[in-house]
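Listed here are the chains, written in short residue letters.
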Amino acid sequence: MADERNALREYLAYHQSAYFAVSYGLTDDQARSTPSVSALSIGGLVKHATGMQRSWMRRVLAAPDAPPADPRPFSEIAKALAEEHVMRPDETLAGLLSGLEAQNTESLRVVETADLNAPVPVPRHAPWFPTDVEAWSVRWVILHVINELARHAGHADIVRESIDGATMYELIAGRENWPATPWLTPWQPR
């Protein structure tokens, strides 16, 4: 790592890439399925990773001000938030991954250009945000996004393993065409 910004960018890119590996080889129905005790699906987690990054990067881009208010009626906003963890029947995994790829590119661009010390106002619309803090730095926001991506990639690992037994390293190996070794067999569709 050359410097702090480079480290933030590389960690962000690494955790962004997990969603492509965990989705590798899935059908739309598999990506939509909820095979574990959780209500989470791979497709829903891909959507959440996209929306979460979009929301935080809007805040960074607006800093030191709050981003513009969402002009939609509350009912539309609430419906969109409820659907952020659900892959609807009219959505495809390819479409969701394309949206994630575009957002990943934008998030990396923001990390490369934003003032890491700029204050980002703490959101006031959700009860889990602290009321005794006025703003976080852009640096904090980027670290928070990395944390969120890592946390949900772990959820996606469990969901994927519940679908077909595939695990992260064999999925990465299959997606990136690594050669088989005595200790790792790249995942192949059955």
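Residues numbered from 1 in each chain as written. Predicted model: local features only at pLDDT ≥ 70, side-chain atom pairs only at ≥ 80, totals over all residues. Heavy atoms only, no water.

As recorded by an unreviewed UniProt entry, the protein carries the name DinB family protein and is attributed to Mycobacterium asiaticum.

1. Quick look at the environment of Tyr 24
Note the cut-off: Only DSSP runs of H or I reaching four residues or more are called helices, and only runs of E reaching two or more are called strands; each is numbered from the N terminus. Two residues qualify as a contact provided that any one of their heavy atoms is within 4.5 Å of a heavy atom in the partner residue. In protein, a polar contact requires one atom able to donate a hydrogen and another able to accept it; more generally it is a pair of N or O atoms within 3.5 Å, and residues adjacent in sequence count only if both atoms are side-chain atoms.
Secondary-structure assignment places Tyr 24 in the loop between α1 (4-23) and α2 (28-32). Note: C-alpha distance between Tyr 24 and Ser 137 (113 residues apart in sequence) is 35 Å. Leave out the neighbours within four places in its chain, and Tyr 24 touches Arg 160, Leu 171, Gly 174, Arg 175 and Trp 187. Here Gly 174 takes part through its backbone oxygen, which lies 3.3 Å from a polar atom of the side chain of Tyr 24.

2. Some remarks on the packing of α1 against helix α5 (residues 93-113)
For the record, the criterion: All axes are obtained by fitting lines to C-alpha atoms, using only the stretch in contact for helices, and the reported angles, taken between N-to-C directions, cover 0 to 180 degrees. Reported orientations rely on four angle classes, namely roughly parallel under 35 degrees, roughly antiparallel over 145, roughly perpendicular from 65 to 115, and oblique for the rest. Throughout this entry, Asp, Glu, Lys and Arg are counted as charged residues, while Ala, Val, Leu, Ile, Met, Phe, Trp, Tyr, Cys and Pro are counted as nonpolar. The remaining residues, Gly among them, count as polar.
Axis separation between α1 and α5 bottoms out at 10 Å; the angle between their running directions is 175 degrees. Comparing the axis directions of α1 and α5 gives the class roughly antiparallel. Contact with α1, carried on its side by Arg 5, Leu 8, Arg 9, Leu 12, Ala 13, Gln 16, Tyr 19, Phe 20 and Ser 23, involves Leu 93, Leu 97, Leu 100, Glu 101, Asn 104, Ser 107, Leu 108, Val 111, Glu 112 and Thr 113 of α5 and no other residues of that element. Per-class residue counts for the contact of α1 with α5 are 10 nonpolar, 5 polar and 4 charged.

3. As for the packing of α1 against helix α6 (residues 138-164)
Selection rule: Each crossing gets its handedness from the near helix: less than a right angle anticlockwise from the far helix is left-handed, clockwise is right-handed.
Closest axis-to-axis distance for the α1/α6 pair is 9 Å, and the angle between their directions is 20 degrees. Taken together, the axis directions place α1 and α6 in an arrangement best described as roughly parallel. Of the two possible hands of crossing, α1 and α6 adopt the one that is left-handed. Split by residue class, the contact of α1 with α6 holds 15 nonpolar, 4 polar and 5 charged.

4. Examining the pattern of salt bridges
Basically, it comes down to this: Salt-bridge detection follows one rule: a side-chain nitrogen of Lys or Arg within 4 Å of a carboxyl oxygen of Asp or Glu. Think of it in three bands: with a 1.4 Å probe and only protein chains considered, a residue is buried below 20% of the maximum accessible area for its type, exposed above 50%, and partly exposed in between.
Taken as a whole and assessed by the stated rule, the structure comprises 13 salt bridges. Notably, a salt bridge pairs Asp 70 with Arg 72, separated by 2.7 Å at the nearest N-O pair. Residue classification places Asp 70 among the partly exposed residues on the basis of a relative accessible area of 38%. Residues joined by salt bridges that share partners form a network here, namely Lys 47, Lys 79, Glu 83, Arg 88, Asp 90 and Glu 91.

5. As for the nonpolar core
Convention followed: Nonpolar core, defined: a set of buried Ala, Val, Leu, Ile, Met, Phe, Trp, Tyr and Cys residues in which side-chain atoms within 4.5 Å join the residues together.
Counting residues in hydrophobic clusters, the biggest one holds 46 residues, and the most contacted among them are Val 138 and Val 145. Mapped by element, the contributors of at least two residues to this core are α1, α3 (42-62), α5, α6 and α7 (168-175). If one sorts the elements of this core by residue count, α6 sits on top with 9 residues. Contacts of Val 138, omitting those with residues within four sequence positions, involve Val 60, Ala 114, Asp 115, Leu 116, Ala 118 and Val 120.

6. Topic: the packing of aromatic side chains
Keep this limit in mind: For Phe, Tyr and Trp, where Trp contributes only its six-membered ring, two rings pair if their centres lie within 6.5 Å, and the inter-plane angle classes them as stacked under 30 degrees, edge-to-face over 60, or tilted in between. By definition here, charges over rings are those cases where NZ of Lys or CZ of Arg is within 6 Å of the ring centre and within 35 degrees of the ring normal.
Evaluation of the coordinates by the stated rule reveals 7 aromatic pairs. Residues Trp 56 and Phe 129 carry aromatic rings whose centres are separated by 6.0 Å and whose planes lie at 85 degrees to one another, so their mutual orientation is edge-to-face. Taken together, the residues Trp 56 in helix α3 and Phe 129 in the loop between β1 (119-121) and β2 (135-137) connect sequence positions 73 residues apart. The residues Trp 56 and Phe 129 share a single accessibility class, namely buried. With 6.1 Å between their ring centres and 55 degrees between their planes, Trp 128 and Phe 129 make a pair best called tilted. The buried category is assigned to Phe 129, whose relative accessible area is 14%. Here a set of aromatic residues connected by ring pairs shows up, and it is made of Trp 56, Trp 128, Phe 129, Trp 136 and Trp 140. The ring of Trp 187 carries Arg 160 above its face, with NZ or CZ at 4.9 Å from the centroid.

7. A look at the side chain of His 15
Along the chain, His 15 turns up in helix α1. Those residues in contact with His 15 that lie beyond four places of it in its chain are Ile 146, Leu 149 and Ala 150.

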